[in-house]
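# Examining the three-dimensional arrangement
Now for the letters of each chain:
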Amino acid sequence: MTQDTAALDKTYRNFIIRIVETDAVWGLTKDETWATSSAAASENTEVILFWSDRKGAVACAEDEWEAYLPESISLVEFLENWCVGMYGDQLLLGADWGADLSGKEAEPLAVALDVINELKAKGKKLKFIQYESQEEFEEQVNEAMDGDE
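Presented here is an overview of the structure given in this document.

### A look at the packing of helix α3 (residues 75-88) against helix α5 (residues 134-148)
- Look at α3 against α5: their axes get within 12 Å of each other, and the N-to-C directions meet at 5 degrees. Between α3 and α5, the crossing angle belongs to the class labelled roughly parallel. Of the residues in α5, those touching α3 at L79, E80, V84 and Y87 are F137, A144 and D148.
- Split into classes, the residues belonging to the contact of α3 with α5 amount to five nonpolar, no polar and two charged.

### Describing the nonpolar core
- Within the largest apolar cluster, 33 residues are counted, with the highest numbers of intra-cluster contacts made by F15, F50, L75, F78 and L79.
- Going through the elements one at a time, α1 (3-22), β4 (46-50), α3, β6 (92-95), α4 (108-122) and α5 are the ones with two or more residues in this core.
- Those residues in contact with F15 that sit more than four places away from it in its chain are V25, F50, W51, S52, F78, L93, A95, D96 and V111.
- W26, C60, W65 and W97 belong to the second-largest nonpolar core, a separate cluster that totals 13 residues.

### Section: the packing of α4 against α5
- Contact pair α4 / α5: the axes reach a minimum separation of 10 Å and the direction vectors enclose 145 degrees. For the pair α4 and α5, the crossing hand works out as left-handed. For the pair α4 and α5, contact is made by L109, A110, A112, L113, I116, N117, L119 and K120 and by Q134, F137, E138, V141, N142, A144 and M145, respectively.
- Counted by class, the contact of α4 with α5 contains ten nonpolar, three polar and two charged residues.

Calculation notes
- Residues numbered from 1 in each chain as written.
- Predicted model: local features only at pLDDT ≥ 70, side-chain atom pairs only at ≥ 80, totals over all residues.
- Heavy atoms only, no water.
- Axes fitted to C-alpha atoms, helices over the stretch in contact; angles between N-to-C directions.
- Helix = DSSP H or I, 4+ residues; strand = E, 2+ residues; numbered from the N terminus.
- Parallel < 35°, antiparallel > 145°, perpendicular 65-115°, else oblique.
- Contact = heavy atoms within 4.5 Å.
- Nonpolar A, V, L, I, M, F, W, Y, C, P; charged D, E, K, R; others polar.
- Core = buried A, V, L, I, M, F, W, Y, C linked by side-chain atoms within 4.5 Å.
- Buried < 20%, exposed > 50% of the residue type's maximum accessible area, 1.4 Å probe, protein only.
- Left-handed = near helix turned anticlockwise from the far one by under 90°.

And the structure:
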(Lines give C-alpha, C1' and ligand atoms only; values in the text may rest on other atoms or scores of the structure.)
Protein backbone atom coordinates (compact mmCIF):
# COMPACT_ATOMS: atom_id res chain seq x y z
CA MET A 1 0.00 0.00 0.00
CA THR A 2 1.46 3.34 -0.96
CA GLN A 3 1.65 6.26 1.45
CA ASP A 4 -0.99 8.11 -0.57
CA THR A 5 -3.38 5.17 -0.43
CA ALA A 6 -2.79 4.77 3.31
CA ALA A 7 -3.48 8.48 3.86
CA LEU A 8 -6.68 8.32 1.79
CA ASP A 9 -7.83 5.23 3.69
CA LYS A 10 -7.16 6.96 7.02
CA THR A 11 -9.09 10.06 5.94
CA TYR A 12 -11.95 7.84 4.80
CA ARG A 13 -11.97 5.89 8.09
CA ASN A 14 -12.05 9.17 10.04
CA PHE A 15 -14.96 10.33 7.83
CA ILE A 16 -16.94 7.22 8.82
CA ILE A 17 -16.14 7.66 12.53
CA ARG A 18 -17.06 11.38 12.55
CA ILE A 19 -20.36 11.06 10.70
CA VAL A 20 -21.44 8.29 13.09
CA GLU A 21 -20.44 10.48 16.06
CA THR A 22 -22.29 13.56 14.80
CA ASP A 23 -25.21 11.88 12.95
CA ALA A 24 -24.63 14.35 10.11
CA VAL A 25 -22.98 14.57 6.71
CA TRP A 26 -22.11 17.79 4.86
CA GLY A 27 -22.22 18.70 1.20
CA LEU A 28 -21.99 21.81 -0.95
CA THR A 29 -25.15 22.96 -2.70
CA LYS A 30 -26.33 25.67 -5.03
CA ASP A 31 -29.90 25.83 -6.32
CA GLU A 32 -30.60 22.17 -5.42
CA THR A 33 -27.37 21.08 -7.18
CA TRP A 34 -24.73 19.24 -5.16
CA ALA A 35 -21.01 19.56 -5.75
CA THR A 36 -19.69 16.78 -7.95
CA SER A 37 -16.45 15.88 -9.66
CA SER A 38 -15.36 13.37 -12.26
CA ALA A 39 -13.96 10.08 -11.00
CA ALA A 40 -10.23 9.59 -11.27
CA ALA A 41 -10.61 6.36 -13.23
CA SER A 42 -13.32 7.57 -15.60
CA GLU A 43 -14.42 11.06 -16.54
CA ASN A 44 -17.82 9.56 -17.38
CA THR A 45 -18.45 8.61 -13.74
CA GLU A 46 -19.56 11.32 -11.35
CA VAL A 47 -18.52 11.54 -7.72
CA ILE A 48 -20.77 13.38 -5.27
CA LEU A 49 -18.69 14.92 -2.52
CA PHE A 50 -19.50 14.74 1.18
CA TRP A 51 -17.64 15.91 4.27
CA SER A 52 -17.76 14.94 7.90
CA ASP A 53 -17.95 18.55 9.03
CA ARG A 54 -18.91 22.02 7.82
CA LYS A 55 -15.29 23.21 7.83
CA GLY A 56 -14.25 20.59 5.26
CA ALA A 57 -17.09 21.55 2.94
CA VAL A 58 -16.33 25.27 3.25
CA ALA A 59 -12.66 24.66 2.42
CA CYS A 60 -13.72 23.33 -0.99
CA ALA A 61 -16.22 26.11 -1.77
CA GLU A 62 -13.95 27.89 -4.23
CA ASP A 63 -13.39 28.18 -7.98
CA GLU A 64 -16.33 26.43 -9.72
CA TRP A 65 -18.03 25.91 -6.32
CA GLU A 66 -17.47 29.44 -5.04
CA ALA A 67 -21.21 30.15 -4.97
CA TYR A 68 -22.03 26.83 -3.26
CA LEU A 69 -23.03 26.75 0.39
CA PRO A 70 -22.45 24.04 2.98
CA GLU A 71 -25.55 22.03 3.86
CA SER A 72 -25.93 19.21 6.36
CA ILE A 73 -28.12 16.15 6.07
CA SER A 74 -28.92 13.61 8.74
CA LEU A 75 -27.07 10.32 8.77
CA VAL A 76 -30.34 8.43 8.18
CA GLU A 77 -31.14 10.58 5.12
CA PHE A 78 -27.58 10.08 3.87
CA LEU A 79 -27.90 6.29 4.15
CA GLU A 80 -31.49 5.86 2.93
CA ASN A 81 -31.65 8.46 0.19
CA TRP A 82 -28.11 9.32 -0.86
CA CYS A 83 -26.19 6.05 -0.61
CA VAL A 84 -29.05 3.97 -1.99
CA GLY A 85 -29.92 6.54 -4.66
CA MET A 86 -26.31 7.02 -5.75
CA TYR A 87 -25.96 3.25 -6.07
CA GLY A 88 -29.01 3.18 -8.36
CA ASP A 89 -27.59 6.05 -10.41
CA GLN A 90 -24.13 4.42 -10.59
CA LEU A 91 -22.41 7.34 -8.89
CA LEU A 92 -19.45 7.26 -6.56
CA LEU A 93 -19.06 8.98 -3.22
CA GLY A 94 -16.14 11.25 -2.39
CA ALA A 95 -15.44 11.30 1.36
CA ASP A 96 -13.72 14.29 2.99
CA TRP A 97 -11.91 15.44 -0.13
CA GLY A 98 -9.31 18.13 0.37
CA ALA A 99 -9.29 21.60 -1.15
CA ASP A 100 -7.10 20.18 -3.95
CA LEU A 101 -10.15 18.04 -4.89
CA SER A 102 -8.46 14.76 -4.21
CA GLY A 103 -9.63 12.01 -1.96
CA LYS A 104 -11.02 8.52 -1.75
CA GLU A 105 -13.78 7.53 -4.14
CA ALA A 106 -16.04 4.79 -2.82
CA GLU A 107 -19.05 2.77 -3.85
CA PRO A 108 -22.04 4.22 -1.95
CA LEU A 109 -23.30 0.87 -0.64
CA ALA A 110 -19.82 0.02 0.66
CA VAL A 111 -19.89 3.35 2.52
CA ALA A 112 -23.34 2.50 3.90
CA LEU A 113 -22.04 -0.83 5.24
CA ASP A 114 -18.99 0.87 6.75
CA VAL A 115 -21.35 3.26 8.55
CA ILE A 116 -23.55 0.37 9.75
CA ASN A 117 -20.47 -1.49 11.03
CA GLU A 118 -19.29 1.62 12.88
CA LEU A 119 -22.76 2.10 14.37
CA LYS A 120 -22.69 -1.50 15.60
CA ALA A 121 -19.18 -1.07 17.00
CA LYS A 122 -20.36 2.00 18.93
CA GLY A 123 -23.59 0.34 20.05
CA LYS A 124 -25.65 3.00 18.26
CA LYS A 125 -29.00 2.45 16.57
CA LEU A 126 -30.53 4.80 14.02
CA LYS A 127 -34.26 5.17 13.54
CA PHE A 128 -34.80 4.60 9.84
CA ILE A 129 -37.77 6.04 7.98
CA GLN A 130 -37.97 3.84 4.87
CA TYR A 131 -36.85 0.62 6.57
CA GLU A 132 -38.26 -1.22 9.59
CA SER A 133 -34.89 -1.27 11.33
CA GLN A 134 -31.16 -0.79 10.99
CA GLU A 135 -30.87 -4.56 10.53
CA GLU A 136 -33.34 -4.54 7.62
CA PHE A 137 -31.40 -1.71 5.96
CA GLU A 138 -28.16 -3.68 6.37
CA GLU A 139 -29.79 -6.81 4.96
CA GLN A 140 -31.11 -4.93 1.91
CA VAL A 141 -27.71 -3.34 1.24
CA ASN A 142 -25.97 -6.72 1.52
CA GLU A 143 -28.48 -8.29 -0.88
CA ALA A 144 -27.94 -5.48 -3.40
CA MET A 145 -24.16 -5.86 -3.18
CA ASP A 146 -24.37 -9.66 -3.46
CA GLY A 147 -26.46 -9.20 -6.61
CA ASP A 148 -23.66 -7.17 -8.18
CA GLU A 149 -21.11 -9.99 -7.93
